[in-house]
Amino acid sequence: MTTVVVVGSGIAGLTAALHAAENGCRVTIVTKGDLSETNTRWAQGGVAAVTHPADSVASHAADTRTAGAGLNDAAAVNVLVGEGPALIAELVARGVDFDRAPDGGFARGLEAAHAMPRVLHAGGDATGAEIQAALGAAIRSAGLRVREQALLRDLVLRGGRVVGVELDGGERIDADAVILATGGAGQLYAHTTNPLGATGDGIAAALRAGAEVADLEFVQFHPTALAAGAPFLVSEAVRGEGATLIDDAGRRFCFDAHPDGELAPRDVVARANARAMAAQNGRPVRLDATALGAEHLAQRFPTIDAAVRERGLDWAVDPIPVTPAAHYLMGGIVTDLDGRTTVPGLYAVGETARTGVHGANRLASNSLLEGAVFGARAGDAVARGLEWPAPPPAGPEAAGPPPKPRPSAGAPPFSRTELQRVMWAEAGLVRAAAGLERAAGILAAWSADPSPRSVEDANLLLVARHVVAAARARTGSVGAHYRSDAPDAGIPVLLATGDTTMREAARAVGATGAVVATPHPARSSAAARDDAASAPFTQEVLAC
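**Description of the sheet that holds strand E8 (residues 161–167)**
Then comes step 1: With respect to topology, 3 strands assemble into an open sheet ordered E7-E8-E9, the strand pairing being antiparallel. The open sheet terminates on both sides in strands that have one partner only, identified here as strand E7 (152–158) and strand E9 (172–174). In this sheet, neighbouring strand axes are inclined to one another by 30 degrees on average, regardless of whether the strands run parallel or antiparallel.
Then comes step 2: Pairing of E8 with E9, which is carried by 3 bridges, proceeds in the antiparallel orientation. Bridge pairing in E9 places Val 165 opposite Ile 173.

**What to know about the pairing of strand E10 (residues 177–180)**
Then comes step 1: Residues Ala 177 and Ile 179 point to one face of E10 and Val 178 and Leu 180 to the other, with burial holding for every one of them.
Then comes step 2: Pairing analysis gives 3 bridges linking E10 to strand E17 (residues 346–348), with the strands arranged parallel. From the neighbouring strand, Ile 179 faces E17, where its bridge partner is Tyr 347.

**As for the side chain of Thr 127**
Then comes step 1: Within the element layout of this structure, Thr 127 appears in helix H4 (residues 127–142).
Then comes step 2: Its relative accessible area of 0% is what places Thr 127 among the buried residues.
Then comes step 3: Sequence-distant contacts of Thr 127, defined by excluding residues within four places in its chain, comprise Ala 43, Gln 44, Gly 45, Gly 46, Val 47, Phe 98, Leu 120, His 121, Ala 122 and Leu 368.

**A short note on empty space enclosed by the protein**
Where empty space is left can be seen by rolling a probe of water-molecule size over the atoms.
Then comes step 1: Applying the stated criterion across every chain, the model contains 2 cavities of 30 Å³ or more.
Then comes step 2: For the largest cavity, the calculated volume is near 70 Å³.
Then comes step 3: Forming the boundary of the largest cavity are Ala 185, Gly 186, Leu 188, Tyr 189, Asn 194, Val 219, Ala 326, His 327, Tyr 328, Leu 329 and Glu 351.
Then comes step 4: Partitioning the lining of the largest cavity into residue classes produces 7 nonpolar, 3 polar and 1 charged.
Then comes step 5: One number sums up the size of the second largest cavity: a volume of about 30 Å³.

**A few points about the packing of aromatic side chains**
Then comes step 1: Tallied over the entire structure, the rule returns 7 aromatic pairs.
Then comes step 2: Seen in terms of ring centroids, Phe 221 and Trp 424 are 5.8 Å apart; in terms of plane orientation they differ by 70 degrees. Their pairing is edge-to-face. Residue Phe 221 is found in strand E12 (residues 219–226), and its partner Trp 424 is found in helix H11 (residues 416–426); the two are separated by 203 residues along the sequence.
Then comes step 3: Where Phe 414 meets Trp 446, the ring centres are 5.2 Å apart and the plane angle is 85 degrees; that geometry is what we call edge-to-face. Here Phe 414, found in the loop between helix H10 (367–384) and H11, pairs with Trp 446, found in helix H12 (residues 433–448); they are 32 residues apart in sequence, far enough to count as distant. The pair Phe 414 / Trp 446 is uniform in exposure class, with both members buried.

**Considerations on helix H2 (residues 57–67)**
Residue pairs three or four apart in sequence face the same way in an α-helix, which turns once every 3.6 residues.
Then comes step 1: Most of H2 sits inside the fold, with 9 of its 11 residues counted as buried.
Then comes step 2: Of all the residues in H2, the buried ones are Ser 59, His 60, Ala 61, Ala 62, Asp 63, Thr 64, Arg 65, Thr 66 and Ala 67.
Then comes step 3: Directly beyond the C-terminal end of H2, a positive phi value near 60 degrees is found at Ala 69.

**Structural notes on the nonpolar core**
Then comes step 1: Ranked by size, the top nonpolar core spans 56 residues in total, and within it Val 178, Leu 180 and Met 423 carry the most contacts.
Then comes step 2: The element best represented in this core is helix H13 (residues 455–473), accounting for 9 residues.
Then comes step 3: Those residues in contact with Leu 180, other than ones at most four positions away along the chain, are Val 7, Leu 152, Leu 155, Gly 202, Ala 206, Ile 333, Leu 346, Tyr 347, Ala 348, Val 349 and Thr 352.
Then comes step 4: If you look at the next biggest cluster of nonpolar residues, it comprises 53 residues, including Ala 17, Ala 43, Val 96 and Ala 122.

**Considering the sheet that holds strand E3 (residues 47–48)**
Then comes step 1: In space, the 3 strands of this open sheet follow the order E3-E5-E4, with antiparallel pairing throughout. Every interior strand has two partners, whereas the edge strands, E3 and strand E4 (108–109), have only one.
Then comes step 2: Bridging between E3 and strand E5 (residues 119–120) involves 2 bridges; their strand directions are antiparallel. When the bridges of E5 are listed, Val 47 appears paired with Leu 120.

**Concerning the pattern of salt bridges**
Then comes step 1: By the definition in use, this model includes 32 salt bridges.
Then comes step 2: Salt-bridge contacts for Arg 251 lead to Asp 247; the nearest nitrogen and oxygen are separated by 3.8 Å.
Then comes step 3: For Asp 247, a relative accessible area of 12% puts it in the buried group.
Then comes step 4: A salt bridge links Arg 283 to Asp 248, with the shortest nitrogen-to-oxygen separation between them at 2.7 Å. Taken together, the residues span a long stretch of sequence, with Arg 283 in the loop between helix H7 (266–279) and strand E14 (285–288) and Asp 248 in the loop between strand E13 (244–246) and H7 at a distance of 35 residues.
Then comes step 5: Salt bridges sharing partners connect three or more residues here, namely Glu 83, Asp 336, Asp 338, Arg 340, Arg 377 and Arg 384.

Rules behind the numbers
- For every chain, the first residue of its written sequence is number 1, and the numbers climb from 1 along that sequence.
- Only residues with pLDDT of at least 70 are given local features in this predicted model, and only at 80 or more are side-chain atom pairs given and counted; all residues enter the totals for whole chains, interfaces and linings.
- With hydrogens and water excluded, all non-hydrogen atoms of the structure serve as input to the side-chain values.
- Pairs of strands are assigned from DSSP output, requiring at least two bridges between the strands.
- The helix count covers DSSP runs of H or I at least four residues long, the strand count covers runs of E at least two residues long, and both are numbered beginning at the N terminus.
- A fitted line through C-alpha atoms serves as each axis, taken over the contacting stretch for helices, and the angle formed by two N-to-C directions is quoted from 0 to 180°.
- Only protein chains enter the accessibility calculation, which uses a 1.4 Å probe; a residue is then buried when its area is under 20% of its type maximum, exposed when over 50%, and partly exposed in between.
- Contact between two residues is taken to exist if any of their heavy atoms lie within 4.5 Å; hydrogens are not considered.
- Throughout, the protein atoms alone are placed on a 1 Å grid, and a set of points is a cavity if a 1.4 Å probe fits but cannot get out or a pocket if it is open with protein on both sides within 12 Å along at least five of seven lines; lining residues have an atom within 4 Å of a point.
- Grid points are joined across faces, edges and corners, and a volume is the space filled by probe spheres set on the points.
- Residue polarity is assigned by list, with Asp, Glu, Lys and Arg as charged and Ala, Val, Leu, Ile, Met, Phe, Trp, Tyr, Cys and Pro as nonpolar; anything else, Gly included, falls into the polar class.
- For Phe, Tyr and Trp, rings pair up if their centres lie within 6.5 Å, where Trp contributes its six-membered ring, and each pair is then called stacked (planes under 30 degrees apart), edge-to-face (over 60) or tilted (otherwise).
- Buried residues of nine kinds, namely Ala, Val, Leu, Ile, Met, Phe, Trp, Tyr and Cys, make up a nonpolar core once their side-chain atoms join them within 4.5 Å.
- The salt bridge criterion pairs a side-chain nitrogen of Lys or Arg with a carboxyl oxygen of Asp or Glu, the two atoms within 4 Å.

See the structure below:
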């Protein structure tokens, strides 16, 4: 019997664990907190998938490529959108109760950069929590071994192959295969929507094991974190329902940056927010949801509504202050379509992995779908015991070993807070060569210091070095990677109107850093969107 250790307990890890177990593997789940303490639990926006005849996987794929600036892996995108409907059916079978329209079909929301309403929610804005609860219950029902409060220290290798994990404290768990599903590294930044546990543990362990990573320069900053009290994400779905972003003068400034306004790709909206804030001396911009009404806000977004009101704000009456915050890492450990990394015996799924699905920027609500689709594929693959593929050739975007910058003589003493400050200032929403060089020097000085650090701090420092190295290597702006010394204004925008044009545009992106945009004819047809949003779910679509 194949023994498998899954590190992480979000949608990707639990889906992988269930598929491996259902295919006859003996599975142990290792998670650094409680089983439910994951990024998945906090996901508000929903799951994007094609579940209506008026929609198509081709449209979903086109939207995904457009958001990713054409740097997506085409095969990975096709797997995501093609297998997504079946994984929605699987989640429903496992107990996820997606919200329904009055006619009993799925209620579908429209979110930024989607041509059609295809985003499914559960519990209003508690989609992640509903999925986490259902998958957690399935794990318990299946009787899988779960090790909670168990922090991964490192991977165990023998003869170049991963054969288990070492936990903080020295305990070792042997395995035929290890699946890393530890989430991202939002705690690199001073402002983030991620929980405290998002410290890049899996990526750091994979780096130490010699695994290839790529696209770490592509860090998505969510445009709308609540700028009152502790950071709190205000879902993109709020803007999808009709909320707008305004400056101090009450002007909708997002249309200055993109014809889709508040529904443009996240990096565009986040930078528009940053520019508007700079123009008003750093004061937050405001999200105006007053037109939606108190009853609708409370019913559709109960979690956000409660968080807003806990801060003494009434968003049904007044616009609320918001600011960009680090949200999602598009890059990670390089994998194939079955989750296999470049190190035999090691798999990676979810935000930890770089499948190539997201390219330079993730499309809204594709992350939960990626976790489910590629988690399922990895769980199935580990049970089949596939031969390990030869390492793929490194692409032009691959973040190889970081250069060895000269350690900064004036580096401040290391602390996580100082690391987060440096990363936010120099490798955050807006980057430039001088700032990245400063960050690289400080990180090098800290790395040369032999002072003991916690496992999590050591992981953050290692991942930070690779993020900065990747950002220095990509000298042009594209997607979520924005350099003020090579801004969008100096980069051609290639309008892709068909598959051939998209392929040509993607090649141009690789050479020039150009931004790719595809028109959304469906945006001009309110009737088509309304039909897709209200029509009942059909089994025919699920099977596509």
